[in-house]
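Chain and residue survey
Listed below, chain by chain, are the residues.
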Amino acid sequence: MDIQFLGGAREVGRSALLVNDSLLLDFGLLTGNPPQFPVETPAADAVVVSHGHLDHVGTVPSLLSGDQRPPIHWTPPTYELTLTLARDTLKLHGGSYNCPFTENDLKRVTEVSETHGYQETFAAAGHEVTFYTAGHIPGSAHVLVDDGDTRLLYTGDFHTDDQRLVSGTTARPDADAVICESTYSDVEHEDRERVEARFAESVETTLWEGGTVVVPAFAIGRTQEMLLICEAYDIPCYVDGMGKRVTEMLRQYPEFVRDADALRRAKSHARFVTGRDGQRGRITDQKAAIITTSGMLSGGPAMSYIPEIRSNPVNKVTMTGYQVDGTPGRDLLETGSAEIDGRIMPVSAQVEQYDFSAHADREGLLTFLEDYRDVPVLVNHGDRCADFAAELETDGRRASAPAVGDTVSL
Ligand SMILES: [Zn+2]
């Protein structure tokens, strides 16, 4: 089996792997200014997508811009999330270099889509492919690819611990080689129950003092996780941004969430913001949590909320995930001010950060890989892939960290 790394190797973003010159696994986008795409657009016979995050699906529609019509295989939520993300990219950047596809390409995605559930083996470009639950977001999959000689397990992004939205992965299919993500290979997550309790107590304190809490959250996964937490702790909350549509969509796929009843309760507990008639301005003095995109304050309705709440030190902004260097969210944490909607704004409101990660941490990665002790591990999707591979080698394993453009033969 030959595997070509077209992106997402020794980096996070634009994940793309070509197996045996014919089967493409993921085709993502590295967000930034300008965004980056996989280094090559291969003429693949079929495409398989691990999950519906921009860095894994963001460039998929461009595969249909020429005469090629490869079938695209994914779970139903991954398909829906891809359409949502692509429509958003078109709305924000359509017609510019930042959007490598058109409305027409996106229409073709709906024509070539083939959805599959977990553990239903299907054929793709002459390979047998099976999805296993990856515990990252709804619909996320480990992808097992069998070319008749070699069984390759591509982990995609995964989590071994339970989240409220999805259960941690326990799937360990037999494989002859593993491509393993390593986003948090040097991080120990704080116990999830403790993070939740600290978050809830902090929000409740602010509301009790008469303040408002803005909770920036990614639309996919994180927004729903925060809604579930707010319902569980009975924290009054609003939800705004793309996360609203994603929440509604996920309600249609109860088999892909951990507790469909809890998600239903969380959705009815939250008030959905329409944004009409100055509603955003009004709700900033409602003594509630406002869960909104974007997760790193780089756009979305958060741009309306932060200016409204920033000057009162009773108010609070609680970041719910990792903040990439150079984003307004990161600047706010480090300097107490951020560029919001083109204006540098000092923020007197309190700013906090919580680790609600949807990725396995170091211990999770090592526990997972313990079941693959005797097979080669190719480390990808991280900022320190080579270091982590070296650590695995020190532990007596066969491990490497291919770079973008490399081809590995197994
Ligand atoms: Zn992901």
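Coordinates for the structure precede this section.
Quantities reported herein were computed from a predicted structural model and do not represent experimental measurements. (Residues numbered from 1 in each chain as written. Predicted model: local features only at pLDDT ≥ 70, side-chain atom pairs only at ≥ 80, totals over all residues. Heavy atoms only, no water.)

1. Let's talk about the overall build of the protein
When you go through the protein residue by residue, the secondary structure sums to twelve helices and 22 strands. Relative to the compact-globule value of 22 Å for 410 residues, the protein shows a C-alpha radius of gyration of 21 Å, a close match. With the principal axes as the frame, the protein shows a C-alpha extent of 65 × 50 × 40 Å. The burial tally for the protein puts 58% of its 410 residues in the buried class. The contacts in the protein between residues at least 6 apart in sequence include a share of 69% that link residues at least 24 apart. Total accessible area on the protein is roughly 16,300 Å²; 43% of this is exposed by carbon and sulfur atoms. Computed over 35 positive and 63 negative side-chain charges, the inter-centroid distance for the protein is 8 Å. (Helix = DSSP H or I, 4+ residues; strand = E, 2+ residues; numbered from the N terminus. Rg over C-alpha atoms; globule rule 2.2 N^0.38 Å. Buried < 20%, exposed > 50% of the residue type's maximum accessible area, 1.4 Å probe, protein only. Contact = heavy atoms within 4.5 Å. Areas by Shrake-Rupley, 256 points an atom, 1.4 Å probe, with all protein chains shown as cover. Lys, Arg positive; Asp, Glu negative; His and termini not counted. Charge placed at Lys NZ, Arg CZ, Asp CG, Glu CD.)

2. Describing the coordination of the zinc ion
Expected angles at a metal are 109.5 degrees for tetrahedral coordination by four donors and either 90 or 180 degrees for octahedral coordination by six donors. Only His51 (NE2), His53 (ND1), His136 (NE2) and Asp157 (OD) from the protein coordinate the zinc ion, and they sit 2.2 to 2.4 Å from it. One chain supplies every donor to the zinc ion, and in sequence these donors are spaced H-x1-H-x82-H-x20-D. One end of the pair, His53, is in the loop between strand E4 (46-48) and helix H1 (54-57); the other, Asp157, is in the loop between strand E10 (151-154) and strand E11 (177-181), and 104 residues separate them in sequence. Grouping residues by exposure puts His53 and Asp157 together as buried. (Donors = N, O, S within 2.8 Å, 3.2 Å for Na, K, Ca; no water.)

3. With respect to the sheet that holds E10
Either a parallel or an antiparallel arrangement is found when strands of a sheet pair, and the pairing is made through backbone hydrogen bonds. Taken together, seven strands build an open sheet; the order of strands is E7-E8-E9-E10-E11-E20-E21 and the sheet is mixed. The open sheet terminates on both sides in strands that have one partner only, identified here as strand E7 (122-124) and strand E21 (399-400). In this sheet, strand E20 (residues 377-380) lies alongside E11 in parallel orientation, the contact comprising four bridges. From the neighbouring strand, Cys180 faces E20, where its bridge partner is Val379. The sheet contacts of helix H11 (residues 362-370) involve strand E9 (141-146), E10, E11 and E20, and relative to E11 the element is tilted by about 170°. Those strands touched by helix H12 (residues 385-394) are E20 and E21, and its axis lies near 155° from that of E20. (Pairing = 2+ DSSP bridges. Axes fitted to C-alpha atoms, helices over the stretch in contact; angles between N-to-C directions.)

4. Observations concerning the packing of aromatic side chains
Counted by the stated rule, this structure contains ten aromatic pairs. Aromatic rings pair up to connect Tyr118, Tyr253 and Phe256 into one cluster. (Phe/Tyr/Trp six-rings, centres within 6.5 Å; stacked < 30°, edge-to-face > 60°.)

5. Observations regarding the side chain of His127
Relative to the helices and strands, His127 resides in strand E8 (residues 127-133). Polar contacts involving the side chain of His127 include one to the side chain of Asn20, which spans 3.0 Å. At a separation of 2.8 Å, a polar atom in the side chain of His127 contacts the main-chain carbonyl oxygen of Ala125. Contact partners of His127, with chain neighbours within four places excluded, come to Val19, Asn20, Ser22, Leu23, Phe122, Val145, Asp146 and Asp147. (Polar contact = N/O pair within 3.5 Å; in protein donor to acceptor, adjacent residues only side chain to side chain.)

6. A few points about a negative patch on the surface
Where like charges cluster on the molecular surface, the negative patch consists of Asp161, Glu188, Asp191, Glu193 and Glu363. With respect to the helices and strands, the residue Asp161 is situated in the loop between E10 and E11. (Patch = residues over 30% accessible without salt bridge, like charges linked within 9 Å, V, L, I, M, F, W, Y side chains within 5 Å. Salt bridge = Lys/Arg side-chain N within 4 Å of Asp/Glu carboxyl O.)

7. A few points about the nonpolar core
In this structure, Leu24, Ile72, Val109, Phe199, Met226 and Ile291 are the most contacted members of the largest nonpolar core, which totals 61 residues. Those residues within four positions of Ile72 in sequence are excluded, and the remaining contacts are Val47, Val49, Val60, Leu64, Val109, Val112, Ser113 and Glu114. (Core = buried A, V, L, I, M, F, W, Y, C linked by side-chain atoms within 4.5 Å.)

8. Digging into the side chain of Asn380
Here Asn380 is to be found in strand E20. We classify Asn380 as buried; its relative accessible area is 3%. The residues touching Asn380, leaving out its near neighbours within four places in the chain, are Gly8, Ala9, Tyr154, Ile179, Cys180, Glu181, Ser182 and Cys385.

9. Some words on the sheet that holds strand E14 (residues 271-272)
Ordered by their spatial adjacency, six strands build an open sheet running E14-E13-E15-E12-E16-E19, and the pairing between neighbours is parallel. Only two strands of the sheet have a single neighbouring strand rather than two, namely E14 and strand E19 (350-353). Pairing of strand E12 (residues 213-216) with strand E16 (residues 316-319), which is carried by two bridges, proceeds in the parallel orientation. Residue pairing across strands places Val214 opposite Val317, the latter belonging to E16. Taken strand by strand, helix H10 (residues 328-335) contacts E16 and E19, and its axis lies near 115° from that of E19.

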